[in-house]
Amino acid sequence: MKIITNATVITVNEQNEVIYNGAVGFDGGKITYVGKTPEDLSAYDEIIDGTNKYLMPGLINTHGHVGMSLLRGFADDLPLKQWLEEKMWPMEGQFTKEHVKWGTAISIIEMIRTGTTTFVDMYDHMDTVAQEVEASGMRGVLCRGVIGFCSEEERQQKLQEAASFASRWNGAANGRIHTMMSPHAPYTCSPEYIQQILEKAIELNVPLHIHMSESKAEVEQNVQDYGVRPVAHLENLGVFNHPTLVAHAVHLTDEEIDTLAKYDVKVAHNPISNLKLASGVARVPEMLAKGVCVSLATDSSASNNNLNLFEELKLAAILHKGVSYDPEVVPAEEALRMATRYAADAVFQKESLGSLEVGKKADMIMLNAAQAHLQPANDPISHVVYAANGYDVTDTIVDGHFLMKDKELITMDEQQAIAEVNRVFALLKQ
Ligand SMILES: Nc1ncnc2c1ncn2[C@@H]1O[C@H](CSCC[C@H]([NH3+])C(=O)O)[C@@H](O)[C@H]1O
Ligand SMILES: [Zn+2]
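Everything numeric in this text was worked out from a predicted model, so none of it was measured.

Asker: With reference to specific residues and values, describe the site of ligand 1.
Answerer: The local shell around ligand 1 holds 23 residues, among which E92, D124, K158, E214 and D299 are the closest. Side-chain polar atom of W89 to an oxygen atom of ligand 1: 3.2 Å apart, as the coordinates give it. Separating a nitrogen atom of ligand 1 from a side-chain N or O atom of H184 is a distance of 2.8 Å. Placement of ligand 1 is best described as lying within the largest pocket. Elements with a minimum of two residues in the shell around ligand 1: α1 (80-92), β7 (116-123) and β8 (139-146).

Set out below in structure tokens:
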């Protein structure tokens, strides 16, 4: 049994408790104690001093494409459609396993360094992504995303690949890997294809993950092609009768927000990506007010351009205040829940992730609180959301194992990943 002692514990439990001089005990990957630092520590065989540290749940990034870190800085300042069709897809078409391996490796390193302990990934070459998750000790919710712009034969082959991936890796890596099925978007998959993917998801009993209502142009195109907006389109196809996580949900009417609430559709909010691609600003306060589960995500490093979820945490808390002229929307505690508790719900693991509570997985991070920019030490939650940044994280623990200890990476070779990602990027034709 291990215990971290003398820390400021930000539990993100139902009561939003902060425990000063707190401690978290854990054993076999699970949390066994949360409370004040006990007088008697004789039951523990490892005692980790958390003095001057914030100890909190690891952040959960609910949407992204980690292989795309290879395209960081490759094509900036374009609108979504042009960016995808002219820049991303031609480059991704050349990706081999090796590209995805090293794009994934630098992403995982960045996430470990900035306090993310679980990430959702929609991509291809997913065996490679899953192997990196397994080797790194991270937690992943992974799916082989499929785009239907190809021959029927290729579409069926992609569907088989996605289903085979989802069934082989679900529960792998000591339960650290969960899987989903994923039609890329309503504008890249026909209704028939979406239904076939949905049927597989039902058969395999895994959730569905899809991009939805990201840009105004997408919504208009959907109305032209199918006579309805994307939400009604997916509702009509039966998608929302199945557990579903949608990415973006930027352009929504009041009725569409009601629909998402009614079916308990989970939302991954990607504020930086949506701003950078000029897609717009999601109606997060309205969604939260109606009880929609809204979580935070980075999207990929090609549209962000990093995977530091602390940036989303702050932006989600301030952006919606500015847009609504209401400083009371998305308060700090709510933003923090969107990156932890609600995100655990968004990946259908709310029983085991998202807060520091006895019985949950020991996925947690520590931040160095003894720094000038985190003084005076008066409100830890405010500081974590508004003043801290991802590189204040000193320790990252997943399933009870340290992936970073005192800023030192335990499972990943950063120098090798830096060298390899540059080598394989140079192999691509631009
Ligand atoms: N913000 C975004 N909106 C829509 N699609 C995106 C976004 N960011 C990345 N993508 C794309 O999402 C896809 C992930 S799914 C992979 C699809 C696969 N290559 C196939 O052809 O079947 C990638 O092709 C990305 O370029
Ligand atoms: Zn995406």
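From this point, the narrative continues.
Asker: So what about the sheet that holds strand β14 (residues 294-296)? Which residues, and what values?
Answerer: Strand order in the open sheet formed by four strands is β11-β12-β13-β14, and the pairing between neighbours is parallel. Only two strands of the sheet have a single partner each, and these edge strands are β11 (208-212) and β14. Averaged over neighbouring strand pairs, the angle between their axes works out to 30° when direction is ignored. Of the strand pairs in this sheet, strand β12 (residues 244-248) and strand β13 (residues 266-269) are connected by three bridges, and their pairing is parallel. Following the sheet pairing, A247 is matched in β13 by A268.

Asker: Give me the lowdown on the UniProt feature "domain: Amidohydrolase-related" (unreviewed entry) in the protein, citing residues and values where you can.
Answerer: According to UniProt, the feature "domain: Amidohydrolase-related" (unreviewed entry) maps to residues 54-401 in the numbering used here. For the annotated span residues 54-401, helix accounts for 44% and strand for 16% of the residues, and the straight-line distance between the end C-alpha atoms is 18 Å.

Asker: Account for the coordination of the zinc ion (ligand 2), with residues named and values stated.
Answerer: Around the zinc ion (ligand 2), the protein contributes the donor atoms H63 (NE2), H65 (NE2), H211 (NE2) and D299 (OD), at 2.0 to 2.6 Å from the metal centre. For the zinc ion (ligand 2), the four donor atoms are set out with angles of 87 to 164° between them, so the coordination reads as irregular. Spacing between the donor residues of the zinc ion (ligand 2) along their common chain follows H-x1-H-x145-H-x87-D. Of the two residues, H63 is situated in the loop between β6 (59-61) and α1 and H211 in strand β11; the sequence distance between them amounts to 148 residues. Overall, H211 belongs to the buried group, its relative accessible area being 4%.

About the thresholds
Residues numbered from 1 in each chain as written. Chains lettered and ligands numbered in written order. Predicted model: local features only at pLDDT ≥ 70, side-chain atom pairs only at ≥ 80, totals over all residues. Heavy atoms only, no water. Near = heavy atom within 4 Å. Polar contact = N/O pair within 3.5 Å; in protein donor to acceptor, adjacent residues only side chain to side chain. 1 Å grid on protein atoms, 1.4 Å probe; cavity = no way out; pocket = protein on both sides within 12 Å on 5 of 7 lines; lining within 4 Å. Sits in = over half its atoms within 2 Å of the grid points. Helix = DSSP H or I, 4+ residues; strand = E, 2+ residues; numbered from the N terminus. Pairing = 2+ DSSP bridges. Axes fitted to C-alpha atoms, helices over the stretch in contact; angles between N-to-C directions. UniProt positions renumbered as here; feature names shortened; annotations may be inferred. Donors = N, O, S within 2.8 Å, 3.2 Å for Na, K, Ca; no water. Tetrahedral: all angles 85-135°; square planar, octahedral: opposite > 155°, others 65-115°. Buried < 20%, exposed > 50% of the residue type's maximum accessible area, 1.4 Å probe, protein only.

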